[in-house]
Amino acid sequence: MISGNNSPRMFIVSPPPTPNGSLHLGHMSGPYLAADIYKRIQKCKEKTVYCISTDDNQSYVDKTAERLNVFPTELIKKSKHEILEVLESFSIDINLFGEHDKEYEDYVTSFFSDLYKSEQIKIVETEVYYDPITNQYPIESFISGICKECFDECCGGICETCGFPNNGTDLINYNPSRLIKKNEPRLVIDLEEFRREIEKNLSNISMRPRLKLLVDRILINRLPKVILSHKLPRGIKLEDLGLQGQVLNVWAEMYPGHFYFLNKASGEMTGEEEYVQFLGFDNSFFYVFLHQALQVAGLRIKKELPKVSEFYTNQFYNLDSDKFSTSKGHAIWAIDLAQKYNSDAIRFYLAKFAPEYSEQSFILEHFLVEGRRFCSLLNDILTSCDQIENKRTNGKLGDKLFLSVQEKGQFSIREIAKDCELKLKHLQRMIHAGEITKDDVYKTLQNLLYPIAPKYSYVLKKSCDNKLNNYEHYEFSKLEFEL
């Protein structure tokens, strides 16, 4: 928690989803659910700001549009609607769903224009790929090869397996083989020029063990130069910098883009304020090194930029032993599951078995067992509660049945889900022992369920506010109960 204008505010950032399809369970098991639960457990939640936008200019949009034989603009529009539908279905509590417009582009362009004028970033001759058949300059999803660090297959830009960056041209056995290398002017930031400040900043930021290992390994060698502009048909144009036909690298665009939407939702942020960053481990390099360098570069020219205080990474969530992938169509779509089963039950399962420290796999049969067990526990509590006389008992509720407050750097949705389940079981024992009143049961359930199962927490709150005596039982399978 930080303080701005004597009023505490907390800012939460998660990666903008790529609008090349809806959100799958891999997305929901990672930064979006974790950031939502983090927001809900904050005592100052009314002043906690969490915004989500979409990564409209990402090359994976074009790759998917090409595969589906549709225009990128059509795919983006359709995907945004689907993404927002999922966020709402899963009760992801955001302050703003950001839309790219001219004001957004002007804000981002101004940031990089100022860095360029002050020579924090420069235009230099850079080795790039050129495809003579298509007359295009392929990047990221349009290039594949072998990572020179871990020797696994990867695309251009980043290796999702080990987390190390690449410029595409340094991949081994790159594909397609018809590509030729050319030297052309590109906007570039040399991370090594910011090493001292980056190392100092990272030493004060909380992060999980695997990310810390990646940071240490990358810092062993000279920090790389990152290409900030590409010759692509879509994106934020850089003509004002003299780069005709070039657009901004989306990973760089995201950095000021996050602040644009946070400012829009909550008012201007200051350099004294901090934010918490949720992200998938596979893209850590950009958030940890590129964004740190951009923050340092901004501070050098007196830009008021908030600092990241905590990184919360997640590993891959797998389906049939292979990672979820929108671009490959290998996924269980979150909206499909939410239309069949109660989204609170899905949230509980995804939190309890979240891939925070290691890869996890979604198994439908396991989800059904765990989900029904969770709902059975709640149903038993509510059924037993109907038998309680609403009179004061000798039992003391105290603080034992509130979710544990987690210290900085120790936040874990797995632990919160398990903590919730254990305290629900203890609440069940208290009811059977006659150690708690009906009113206290409902109030305790509201608090316990709010981070994990917010929809039903709201149902209970509404029932209590209306002083109803007939509380609904928790529904698990919408299809089974509603049809």
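Residues numbered from 1 in each chain as written. Predicted model: local features only at pLDDT ≥ 70, side-chain atom pairs only at ≥ 80, totals over all residues. Heavy atoms only, no water.

A.B. asks: For this particular structure, what's the right way to read the overall build of the chain?
C.D. replies: A count of helical and extended segments in the chain gives 15 helices and 17 strands. Put simply, the chain has 483 residues, and 57% of those count as buried. Restricting the contact set of the chain to residue pairs at least 6 apart, pairs at least 24 apart contribute 77%. Carbon and sulfur atoms form 48% of the exposed surface of the chain, whose accessible area is close to 22,000 Å². (Helix = DSSP H or I, 4+ residues; strand = E, 2+ residues; numbered from the N terminus. Buried < 20%, exposed > 50% of the residue type's maximum accessible area, 1.4 Å probe, protein only. Contact = heavy atoms within 4.5 Å. Areas by Shrake-Rupley, 256 points an atom, 1.4 Å probe, with all protein chains shown as cover.)

A.B. asks: How should the pattern of salt bridges be read in this particular structure?
C.D. replies: Pairing is possible between side chains of opposite charge, provided their charged atoms come close. Throughout the structure, instances matching the rule amount to 29 salt bridges. In this structure, the salt-bridge partner of R347 is D36, at a minimum N-O distance of 2.7 Å. Taken together, the residues R347 in helix α10 (residues 343–352) and D36 in helix α1 (residues 25–41) connect sequence positions 311 residues apart. Of the residues examined, D36 reaches a relative accessible area of 0% and is grouped as buried. Between E370 and K352 there is a salt bridge, with the nearest N and O atoms lying 3.0 Å from each other. Placement of E370 in helix α11 (residues 364–385) and of K352 in helix α10 is noted, with a sequence separation of 18 residues between them. According to the relative accessible area criterion, K352 is buried, its value standing at 11%. Several salt bridges converge on common partners, so that one network encompasses K182, E184, R186 and K231. (Salt bridge = Lys/Arg side-chain N within 4 Å of Asp/Glu carboxyl O.)

A.B. asks: What is the right way to read the side chain of N342 from this model?
C.D. replies: Looking at the secondary structure, you find N342 in the loop between α9 (334–340) and α10. N342 sits in the buried class, given a relative accessible area of 12%. Engagement of the side chain of N342 in a polar contact is seen with the backbone nitrogen of D344, the distance being 2.8 Å. (Polar contact = N/O pair within 3.5 Å; in protein donor to acceptor, adjacent residues only side chain to side chain.)

A.B. asks: When you look at the sheet that holds strand β17 (residues 360–361) in this model, what are you seeing that I'm missing?
C.D. replies: Sheets are built from strands paired through backbone hydrogen bonds, the pairs being either parallel or antiparallel. Here 3 strands make up an open sheet; going across it, the order is β16-β15-β17 and the pairing mixed. Each edge of the sheet is formed by a strand with only one pairing partner; in this case those strands are β16 (322–323) and β17. Here strand β15 (residues 317–319) pairs with β16 via 2 bridges, running antiparallel. Paired with N318 across the two strands is K323, which belongs to β16. (Pairing = 2+ DSSP bridges.)

A.B. asks: How should I be thinking about helix α2 (residues 59–68) in this particular structure?
C.D. replies: Residues lying three or four places apart along an α-helix face the same way, a consequence of the helix completing one turn every 3.6 residues. Buried within α2 are the following residues: S59, V61, D62, T64 and A65. Looking at the residues trailing α2, positive phi occurs at N69, about 60°.

A.B. asks: Just to check I follow, could you spell out the sheet that holds strand β8 (residues 172–175) for this structure?
C.D. replies: Here 3 strands make up an open sheet; going across it, the order is β7-β6-β8 and the pairing antiparallel. The open sheet is flanked by β7 (153–155) and β8, the only strands paired with a single partner. Adjacent strand axes in the sheet meet at a mean angle of 25° when their direction is disregarded. Of the pairings in the sheet, the one linking strand β6 (residues 144–146) to β7 comprises 3 bridges and is antiparallel in character. Bridging across to β7, G145 finds its partner in C154. (Axes fitted to C-alpha atoms, helices over the stretch in contact; angles between N-to-C directions.)

A.B. asks: Explain the packing of aromatic side chains here, please?
C.D. replies: Aromatic ring pairs are defined here through the distance separating the ring centres and the angle between the ring planes. If you walk through the whole model with that rule in mind, you get 26 aromatic pairs. Between F259 and Y275, the ring centres sit 5.6 Å apart and the planes meet at 70°, which makes this aromatic pair edge-to-face. Pair noted here: F259 is in helix α7 (residues 250–266) and Y275 is in strand β13 (residues 274–280), with a separation of 16 residues, a long-range link. The two residues F259 and Y275 agree in class, both being buried. The structure contains a cluster of three or more aromatic residues connected by ring pairs, namely Y317, Y341, Y349, F353, F362 and F367. Between K182 and the ring centre of Y130, over which it is positioned, the NZ or CZ distance is 4.4 Å. We note R208 situated over the ring of Y357; from NZ or CZ to the ring centre the distance is 5.0 Å. (Phe/Tyr/Trp six-rings, centres within 6.5 Å; stacked < 30°, edge-to-face > 60°. Lys NZ or Arg CZ within 6 Å of the ring centre and 35° of its normal.)

A.B. asks: Honestly, unusual backbone geometry in this entry has me stumped. Any pointers?
C.D. replies: Peptide bonds are trans in most cases, and residues, glycine excluded, mostly fall at negative phi. Phi at S91 takes a positive value of approximately 55°, unusual for a residue other than glycine. Structurally, S91 is set in the loop between α3 (72–89) and β4 (96–97). Assessed through its relative accessible area of 13%, S91 is described here as buried. The phi torsion at K302 lies on the positive side, around 70°, for a residue other than glycine. As for its placement among the helices and strands, K302 is situated in the loop between α8 (284–300) and β14 (307–314). With a relative accessible area of 72%, K302 lands in the exposed category.

A.B. asks: Would you mind showing me how to read the environment of Q360 here?
C.D. replies: Looking at the secondary structure, you find Q360 in strand β17. C-alpha of Q360 to C-alpha of F316: the two residues are 44 residues apart in sequence and 6.9 Å apart in space. Here Q360 is in contact with F316, Y317, N318, F353, A354, P355 and R414, once residues within four sequence places are set aside. A distance of 3.2 Å separates polar atoms of two side chains, one belonging to Q360 and the other to S358.

A.B. asks: I keep staring at helix α6 (residues 209–220) and nothing clicks. Help me out?
C.D. replies: Compared with the 16 Å implied by 1.5 Å per residue over 12 residues, the 17 Å span of α6 between its first and last C-alpha is a close match. Regarding α6, the residues found buried are L211, L214, V215, I218 and L219. The buried residues of α6 occupy an angular sector of 130° when the element is viewed end-on, so they sit on one face. Of the exposed residues in α6, the ones pointing more than 90 degrees away from its buried face are P209 and I220. Of the surrounding elements, those touching the buried residues of α6 are α5 (195–202), α8 and β14. (Expected span 1.5 Å × (residues − 1). Arc of directions from axis to C-beta.)

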